[in-house]
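Below, each chain spelled out in residue letters.
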Amino acid sequence: QDGALSPYKCTLKFKPGPWTVQITNDGPYEFQIEAGVAVADPTKNEEIGKKTDVIFAKTQRVLLQGGNDQGVGGQVHSFPIDVSVQSVNVVASSQDVGKRAMKIQIEAIKGPNEPKQKYEIECAG
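These notes cover the structure that comes with them. (Residues numbered from 1 in each chain as written. Predicted model: local features only at pLDDT ≥ 70, side-chain atom pairs only at ≥ 80, totals over all residues. Heavy atoms only, no water.)

Remarks on the overall build of the protein chain
Working step 1: Helix and strand content of the protein chain: 1 helix and 2 strands.
Working step 2: When the helices and strands of the protein chain are read in sequence order from the N terminus, they spell out α-β-β.
Working step 3: A burial count over the protein chain gives 5% of its 125 residues as buried.
Working step 4: Approximately 11,900 Å² of the protein chain is accessible, and the part contributed by carbon and sulfur atoms is 52%. (Helix = DSSP H or I, 4+ residues; strand = E, 2+ residues; numbered from the N terminus. Buried < 20%, exposed > 50% of the residue type's maximum accessible area, 1.4 Å probe, protein only. Areas by Shrake-Rupley, 256 points an atom, 1.4 Å probe, with all protein chains shown as cover.)

Shown next, in the form of structure tokens:
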């Protein structure tokens, strides 16, 4: 689908420390992406963190059990979204799993025989 019609924006919250953000496009050559990383100043970081915490606290959440070490299995949960909704916030947290990695797949599906948008987010522990 047209990325201008349905843009994907992401805010990541890290523990303090030195980090490297790697962005990979493994799609076909014709499907380029434009990417960048902006590091907000400490005041803006605090503001974004507070907004994220408020959204997370108000969001209906479910606990999804993961699969095995080979990535097989895992639980799937669907959240129906009304046709009148213009945008959504997807929240996920791995704060209660210790130092293990978090790997999630997000799919936006309109219906059968419609193209779907698929996002994968992986955070090492």
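Some details on unusual backbone geometry
Working step 1: Look at Asn113: it is not a glycine, yet its phi comes out positive at around 65°.
Working step 2: Within the element layout of this structure, Asn113 appears in the loop between strand S1 (102-108) and strand S2 (117-123).
Working step 3: Here Asn113 falls in the exposed class, since its relative accessible area comes to 83%.

Examining the environment of Gly66
Working step 1: Along the chain, Gly66 falls in the loop between helix H1 (42-58) and S1.
Working step 2: In the structure, Gly66 is positioned 37 residues away from Lys103 in sequence and 8.9 Å away in space, judged by C-alpha atoms.

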